[in-house]
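Results of the structural survey
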Amino acid sequence: MAKDSENKKLETIKLYYEDNLTQKEITEKLCITQGYVSQVIKEDERYTIHKKEKHQKSLEKKANYTKEYYKTYERPKKDDDSYKQ
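Computed from a prediction, not measured in an experiment: that's the story for all the values here.

Attention shifts here to the side chain of H50. Looking at the secondary structure, you find H50 in helix α4 (residues 47-72). Setting aside anything within four residues of it in sequence, one finds H50 in contact with Y16 and Y17.

Put into structure tokens, the structure is as follows:
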């Protein structure tokens, strides 16, 4: 029983860090709970590095989106001159 549990841990770690599957995809593939997957991933020494890398990619993606958005953004124009004194 302990060997089966260890195999699931190793498979979970491999799928997450090497195959880049999401926790949900891993739960569906291995028929285990998402809580278990999360727990196993957090126990691995690569967790903090991987988390920082994902965060940095997310920030870059957001910055690129914002940059592209403002290329085409047009501020709505007011019809009246109420802002003039």
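After presenting the structure, the write-up continues.
All told, the structure shown has five aromatic pairs when counted by the stated rule. Between Y65 and Y69, the aromatic rings sit 6.3 Å apart at their centres with planes inclined by 20 degrees, giving stacked as the arrangement. Separated by four residues within a single helix, Y65 and Y69 lie in helix α4, roughly one turn from each other. Residue Y69 is classed as partly exposed on the basis of its relative accessible area of 38%. Taken together through their ring pairs, the aromatic side chains of Y65, Y69, Y70 and Y73 make up a single cluster.

Criteria and thresholds
- Residues numbered from 1 in each chain as written.
- Predicted model: local features only at pLDDT ≥ 70, side-chain atom pairs only at ≥ 80, totals over all residues.
- Heavy atoms only, no water.
- Helix = DSSP H or I, 4+ residues; strand = E, 2+ residues; numbered from the N terminus.
- Contact = heavy atoms within 4.5 Å.
- Phe/Tyr/Trp six-rings, centres within 6.5 Å; stacked < 30°, edge-to-face > 60°.
- Buried < 20%, exposed > 50% of the residue type's maximum accessible area, 1.4 Å probe, protein only.

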